[in-house]
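An overview of the molecular structure
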Amino acid sequence: MLASAAGCGKRRPPEEQPPPARERPALGVTIQRSETVQEDERGRPLWRILAERTDLDQSAARATVRSGEVEVFGERGRRLMLSFGGLTANAETRRLHAWGGVTAKSDEAGAWFRADSVTVDLKTDRVVAAGNVRGSNAAGSFQADRLETDMNLDRIRLTAKERVTAVIGLPERPQESKR
Amino acid sequence: MNTAKDVRLGGSILALGAMLALAAGTVAAPESGKSSRTVGAVRVTARTMDISDRQWVLSGGRPTAQTSDGAFFVEADRIVVHLNRQAGSRADFVSRIDAAGNVNVRSLTPDGQPVRVTSRSAVYSGKDSTLVFEGDVVVTLASPDLEEPGVMRAARVTYYMKAGPDETRFRVEGQPAEVRATPKARAQEGAGPGK
């Protein structure tokens, strides 16, 4: 009876079913103190990660990184350096998400900022920082809830639920804030 | 005895005793200001700021801009701070500030008297240290020489911030322009030391 019930319909045997659509588990490979360069299909570098610890997923397309730095390469040669507590780097989506006291710095733009988290989307050339954003560029220093810009940091939008505060004319440098 | 002066002129410039040194319509910006009033560093607030190489655009939540020395404060619906990236000094870095919509400015004259101005728009020019107000301008200026703060109403008022310490210079334009001030009575000869 069971056999006939199982035989009716067009169900495949359980062993032939495709795997459920869920995140691929990590390889279980942990790399200590590594340097990883991710390139696109043309061999152009997307980012270079220097990390204390890196966990790779099955295809190695996605890396979860603890305590490190990543140098992100923009289309027009601009580079953005992020230091972070944690980072997810996804080569398929070309997206980086950093958290845990993130500092972003661009020497070319003469700008830096800190935030609780920073997301870099290389497909859309968009950088979004959120939470306790604080930083400066060549024109001044600022504090906000959220920062949106591109890899060049040429145009920056700052927003806050209450108020963005800034000082124009006296740029603040990271080393000055340490005291 | 106190004397109240209500002055109305169809057109241009009025004098308010010794306190407001208002000259005729030909008044020019002081060529050599004894006290520089360039704004230097500017503290700004707003709900949204759009920053580029040349300007900071402030909008939302009634943006404000204030000089670091507190001598100049502006609040408006929208403020644009223009930068001079070729400036030789930090004092010249902010080249111009445009304020639009329900503008409210508080400033101090070189001798420390408070000035309040409301208007539809205002433009600060760093090059000649002027503030130009346009649209329903109301200037309120306090002075120890006046019984109460003097009030000017006009379509356009230019405030020369770089004027010397003994003079505050305004250029008032528009029809009609109105200036109202009540000078304090001079102490009577032989009278005891009064206030």
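Structural data are supplied above this passage.
The rules we used
- Residues numbered from 1 in each chain as written.
- Chains lettered and ligands numbered in written order.
- Predicted model: local features only at pLDDT ≥ 70, side-chain atom pairs only at ≥ 80, totals over all residues.
- Heavy atoms only, no water.
- Helix = DSSP H or I, 4+ residues; strand = E, 2+ residues; numbered from the N terminus.
- Buried < 20%, exposed > 50% of the residue type's maximum accessible area, 1.4 Å probe, protein only.
- Contact = heavy atoms within 4.5 Å.
- Phe/Tyr/Trp six-rings, centres within 6.5 Å; stacked < 30°, edge-to-face > 60°.
- Buried area = accessible area lost by both parts, 1.4 Å probe.
- Salt bridge = Lys/Arg side-chain N within 4 Å of Asp/Glu carboxyl O.
- Pairing = 2+ DSSP bridges.

It is worth spelling out the overall build of chain B at this point. Within chain B one finds zero helices and 11 strands. For chain B, the residues scored as buried account for 45% of the 195 residues in total. Relative to all contacts within chain B whose residues are 6 or more apart in sequence, the contacts with residues 24 or more apart total 53%.

Before going further, it helps to examine the overall build of chain A. Summing up its helical and strand segments, chain A has two helices and nine strands in all. The order of helices and strands in chain A, counted from the N terminus, is α-β-β-β-β-β-β-β-β-β-α. The buried share of chain A, reckoned over its 179 residues, is 41%. Taking as baseline every contact in chain A between residues at least 6 positions apart, the subset at least 24 positions apart corresponds to 40%.

Residue and element names in this part refer to chain B. Counted under the stated rule, the structure contains two aromatic pairs over all chains. Considering the side-chain rings of Phe72 and Tyr124, the 6.1 Å spacing of their centres and the 35 degrees angle between planes classify their relative orientation as tilted. Of this pair, Phe72 sits in strand S5 (residues 72-75) while Tyr124 sits in strand S8 (residues 114-125), and the two are 52 residues apart along the sequence. You'll find Phe72 and Tyr124 in the same group, each marked buried. Centre to centre, the rings of Tyr159 and Phe170 are 4.9 Å apart; their planes meet at 15 degrees, and the pair counts as stacked. Note that Tyr159 is positioned in strand S10 (residues 146-160) and Phe170 in strand S11 (residues 169-183), a separation of 11 residues in sequence.

For the rest of this paragraph, the subject is the interface of chain A and chain B. Each partner contributes residues to the interface: chain A has 24 residues there, and chain B has 25 residues. Of the roughly 1900 Å² buried between chain A and chain B, counting both surfaces, carbon and sulfur atoms make up 55%. The three residues of chain A that bury the most area against chain B are Arg163, Ala166 and Ile168 of chain A, which together make up 33% of that side's buried surface. For the pair chain A and chain B, the number of links is one salt bridge.

Time to look at the pattern of salt bridges. Using the criterion set out here, one finds 24 salt bridges over all chains in the structure. A salt bridge links Arg146 of chain A to Glu148 of chain A; the shortest N-O distance between them is 3.3 Å. Arg85 of chain B is paired through a salt bridge with Asp53 of chain B; the nearest N and O atoms lie 2.8 Å apart. With Arg85 of chain B in the loop between strand S6 (78-83) and strand S7 (94-108) and Asp53 of chain B in the loop between strand S2 (42-51) and strand S3 (55-59), this residue pair connects regions lying 32 residues apart in the sequence. The structure contains a network of salt bridges with shared partners spanning Glu35, Arg48, Glu71, Arg79 and Glu108 of chain A.

For the rest of this paragraph, the subject is the pairing of S10 of chain B. Residue and element names in this part refer to chain B. Bridge analysis of strand S9 (residues 130-141) against S10 gives 10 bridges, and the strand direction is antiparallel. Bridging across to S10, Val138 finds its partner in Arg153. Linking S9 back to S10 in an antiparallel pair, the connection comprises four residues. Relative to S11, S10 runs antiparallel, the two being bridged by 10 bridges. What sits directly across from Thr158, in S11, is Arg171.

With a phi close to 55 degrees, Leu153 of chain A is a non-glycine residue in the positive phi region. Here Leu153 of chain A shows up in the loop between strand S8 (140-149) and strand S9 (156-168). Look at Leu153 of chain A and you get buried, because its relative accessible area is 6%. Here Ser129 of chain B, not a glycine, exhibits a phi torsion of approximately 50 degrees, which is positive.

Take the environment of Val139 of chain B next. Residue and element names in this part refer to chain B. Along the chain, Val139 turns up in strand S9. The sequence separation of Val139 and Arg106 amounts to 33 residues, and the corresponding C-alpha distance is 9.9 Å. Contact partners of Val139, with chain neighbours within four places excluded, come to Val115, Arg116, Val117, Gly150, Val151, Met152, Val157 and Phe170.

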